[in-house]
Amino acid sequence: MKKLSEAEIQDELQSLPGWEYADNALHTGFEFENFKEAFTIMTRIAFEAEKLDHHPDWSNVYNQLHISLYTHTEDGVTEKDIALAKIINELVS
């Protein structure tokens, strides 16, 4: 898996509403009605991440979820990050 160029990442971001590229990673955040909804989505994301063998850096405080995607072995964003971001958007929508 190769690291994507910034131009490739910017092109992919066109189909990833709510995501941005900064500090060599993809970032997004969500606000839910309550903690239970946030945690439910995190659990669903966890199952999908495990299938891809690719895991997000994330944090959760009450109803807020912040996610960063980055492929450590490639020191940047790869197709795995793009694929997981698309899955996350589908799960949240």
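Quantities reported herein were computed from a predicted structural model and do not represent experimental measurements.

A. Expanded view of the sheet that holds strand β4 (residues 64–69). Read across the sheet, 4 strands follow the order β1-β2-β4-β3 without closing on themselves; strand pairing throughout is antiparallel. Each edge of the open sheet carries a strand with a single partner, namely β1 (20–22) and β3 (57–61). Shown here is a sheet whose adjacent strand axes are inclined to one another by a mean of 25°, direction ignored. Both β1 and strand β2 (residues 25–31) contribute to a ladder of 3 bridges, which runs antiparallel.

B. Examining the pairing of β3 more closely. When β3 meets β4, the two strands line up antiparallel, connected through 5 bridges. Paired with Ser-59 across the strands is His-66, a residue of β4. Here β3 hands over to β4 after 2 residues, with Tyr-62 in that stretch at a positive phi of 50°.

C. The arrangement of the pairing of β2 in detail. Taken together, β1 and the strand that follows it, β2, pair antiparallel across an intervening segment of 2 residues, in which Asp-23 is found at a positive phi of about 55°. Where β2 meets β4, 6 bridges bridge the pair, whose relative direction is antiparallel. By the bridge assignment for β4, His-27 is matched with Ser-68.

D. Structural detail: the packing of aromatic side chains. Counted according to the given criterion, the structure contains 2 aromatic pairs. With centroids separated by 6.2 Å and ring planes inclined at 40°, the aromatic side chains of Phe-30 and Phe-32 adopt a geometry described as tilted. The pair formed by Phe-30 and Phe-32 is uniform in burial state, with each residue classed as buried.

E. Region of the structure containing helix α1 (residues 6–13). Among the residues of α1, Ile-9, Glu-12 and Leu-13 are the ones counted as buried. Here the buried residues of α1 occupy an arc of 105° about the axis, which is enough to place them on one side. What points out from α1, more than 90 degrees from its buried face, is the exposed set Ala-7 and Asp-11. At its buried positions, α1 is contacted by β1, β2 and α3 (79–92).

F. Spotlight on the environment of Val-92. With respect to the secondary-structure elements, Val-92 resides in helix α3. Sequence separation between Val-92 and Ile-41 is 51 residues; the distance between their C-alpha atoms is 6.9 Å. Setting aside residues up to four positions removed in sequence, Val-92 forms contacts with Phe-30, Phe-32 and Ile-41.

What counts as what
- Residues numbered from 1 in each chain as written.
- Predicted model: local features only at pLDDT ≥ 70, side-chain atom pairs only at ≥ 80, totals over all residues.
- Heavy atoms only, no water.
- Pairing = 2+ DSSP bridges.
- Helix = DSSP H or I, 4+ residues; strand = E, 2+ residues; numbered from the N terminus.
- Axes fitted to C-alpha atoms, helices over the stretch in contact; angles between N-to-C directions.
- Phe/Tyr/Trp six-rings, centres within 6.5 Å; stacked < 30°, edge-to-face > 60°.
- Buried < 20%, exposed > 50% of the residue type's maximum accessible area, 1.4 Å probe, protein only.
- Arc of directions from axis to C-beta.
- Contact = heavy atoms within 4.5 Å.

The analysis is restricted to geometry; functional conclusions fall outside its scope.
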